[in-house]
Amino acid sequence: MAVLVTGGARSGKSLFAEKLAMRSSEMGIYIATSHIYDEEMRERVGLHQQQRRESGYPWDTREEPYALKELLLQLQTTGISSGAVVMVDCLTLWLTNWLLKYEGEADCTALVMKQIDELAGAVSSYKGHLILVTNEVGDGIVPEYPLGRSFRDLAGRMNQRLAAVCEQVFLVTVGVPIELKSMAYRLD
């Protein structure tokens, strides 16, 4: 079962996703997608690693900034994830990595969308328990620079694409999770 957890910065989405994972299985595989660009990011990553160690829950942490689709396939085909919940935190950092990689390309948006579509396919076919964490970035102001607008638009498309293939979608705001798919209004 695939679950998408979204929310704004510091909304409590990662904490909720971790607690959901802990209730789902005896052990977890934590896929971290960030690159460490500066000292502040290094401190953040260190704090998250320490919190996972201190939680008492057996996390097997994997660092994967790009090849998320391939890692999910590997975990599934090798049986490594059998019986474990897999948690990806976070998709917007993964998206940032791809956007910055393709930034100078004329077909940047198409290249990033191809990565999103391939990831959605991998999520759709994943047979185990999978929790994906992402940021809801479209509720704020329109960024004043082109890369920011591109990121916001791609993040919105990515979140919609993944929400469509997940069985549950949670919005976390002020630490309160709300399951959205069960409340969705159906036009068809």
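1. Observations concerning the nonpolar core
Logical step 1: If you look at the biggest cluster of nonpolar residues, it comprises 35 residues, and the most contacted ones within it are I31, L91, L95, V112, V123 and L132.
Logical step 2: Listed by contribution, the elements that provide at least two residues to this core are β1 (2-7), β2 (28-32), α3 (68-78), β4 (85-89), α4 (91-102), α5 (108-125), β5 (129-135) and α6 (146-165).
Logical step 3: Residues within four places of V123 in sequence aside, it is in contact with A2, L72, L130, L132, L162, V165 and C166.
Logical step 4: Core analysis: the second largest hydrophobic core is formed by 17 residues, V3, Y57, M87 and F170 among them.

2. Notes on the sheet that holds strand β7 (residues 176-179)
Two orientations exist for strands paired in a sheet by backbone hydrogen bonds: parallel and antiparallel.
Logical step 1: The sheet built from 7 strands is open, its strands ordered β3-β2-β4-β5-β1-β6-β7 with mixed pairing. Edge positions in the sheet fall to β3 (59-63) and β7, since each has one partner strand and no second. Between one strand axis and the next, the sheet turns through 20° on average, direction left out of account.
Logical step 2: By the bridge criterion, 5 bridges tie β1 to strand β6 (residues 168-173) in an arrangement that is parallel. When the bridges of β6 are listed, G7 appears paired with V172.
Logical step 3: Along the sheet, α4 makes contact with β1, β4 and β5, crossing β5 at roughly 65°.
Logical step 4: Contacting β1, β5 and β6, α6 runs over the sheet at an angle of about 145° to β1.

3. Structural notes on a nonpolar patch on the surface
Logical step 1: A contiguous nonpolar patch, built from V174, V176, I178, L180 and M183 and spanning about 460 Å² of accessible area, is present on the exposed surface.
Logical step 2: Residue placement: I178 occurs in strand β7.

4. Focus on the pattern of salt bridges
Two side chains of opposite charge can pair, provided their charged atoms sit close to one another.
Logical step 1: Overall, the coordinates contain 8 salt bridges when judged by the stated rule.
Logical step 2: Residue R62 pairs with D60 through a salt bridge whose shortest N-O separation is 3.0 Å.
Logical step 3: Given a relative accessible area of 22%, R62 falls into the partly exposed group.
Logical step 4: The partly exposed category is assigned to D60, whose relative accessible area is 29%.
Logical step 5: Beyond isolated ion pairs, a larger network of salt bridges with shared partners links K69, E70, K114 and E118.

5. Section: the layout of surface pockets
Logical step 1: In this structure, the largest pocket occupies an estimated 760 Å³ of space.
Logical step 2: Every residue lining the largest pocket is counted, 28 residues in all, and those nearest its centre are R10, S14, R44, H48 and D89.
Logical step 3: Of all the secondary structure elements, the ones that give two or more residues to the lining of the largest pocket are α1 (13-24), β2, α2 (39-54), α4 and β5.
Logical step 4: Across the lining of the largest pocket, the residue classes break down as 11 nonpolar, 10 polar and 7 charged.
Logical step 5: Counted as a void, the second largest pocket has a volume near 160 Å³.

6. Considerations on the packing of α4 against α6
Logical step 1: Relative to each other, α4 and α6 sit at 130°, their axes nearing to 10 Å. With respect to α6, the element α4 is oriented oblique. For the crossing formed where α4 meets α6, the hand is right-handed. In this structure, α4 contributes L91, T92, W94, L95, T96, L99 and L100 to the contact, and α6 contributes L147, S150, F151, L154, A155, M158 and L162.

About the criteria used
Residues numbered from 1 in each chain as written. Predicted model: local features only at pLDDT ≥ 70, side-chain atom pairs only at ≥ 80, totals over all residues. Heavy atoms only, no water. Core = buried A, V, L, I, M, F, W, Y, C linked by side-chain atoms within 4.5 Å. Buried < 20%, exposed > 50% of the residue type's maximum accessible area, 1.4 Å probe, protein only. Helix = DSSP H or I, 4+ residues; strand = E, 2+ residues; numbered from the N terminus. Contact = heavy atoms within 4.5 Å. Pairing = 2+ DSSP bridges. Axes fitted to C-alpha atoms, helices over the stretch in contact; angles between N-to-C directions. Patch = residues over 30% accessible without salt bridge, like charges linked within 9 Å, V, L, I, M, F, W, Y side chains within 5 Å. Areas by Shrake-Rupley, 256 points an atom, 1.4 Å probe, with all protein chains shown as cover. Salt bridge = Lys/Arg side-chain N within 4 Å of Asp/Glu carboxyl O. 1 Å grid on protein atoms, 1.4 Å probe; cavity = no way out; pocket = protein on both sides within 12 Å on 5 of 7 lines; lining within 4 Å. Points joined across faces, edges and corners; volume = space filled by probe spheres on them. Nonpolar A, V, L, I, M, F, W, Y, C, P; charged D, E, K, R; others polar. Parallel < 35°, antiparallel > 145°, perpendicular 65-115°, else oblique. Left-handed = near helix turned anticlockwise from the far one by under 90°.

Structural measurements only, silent on function.
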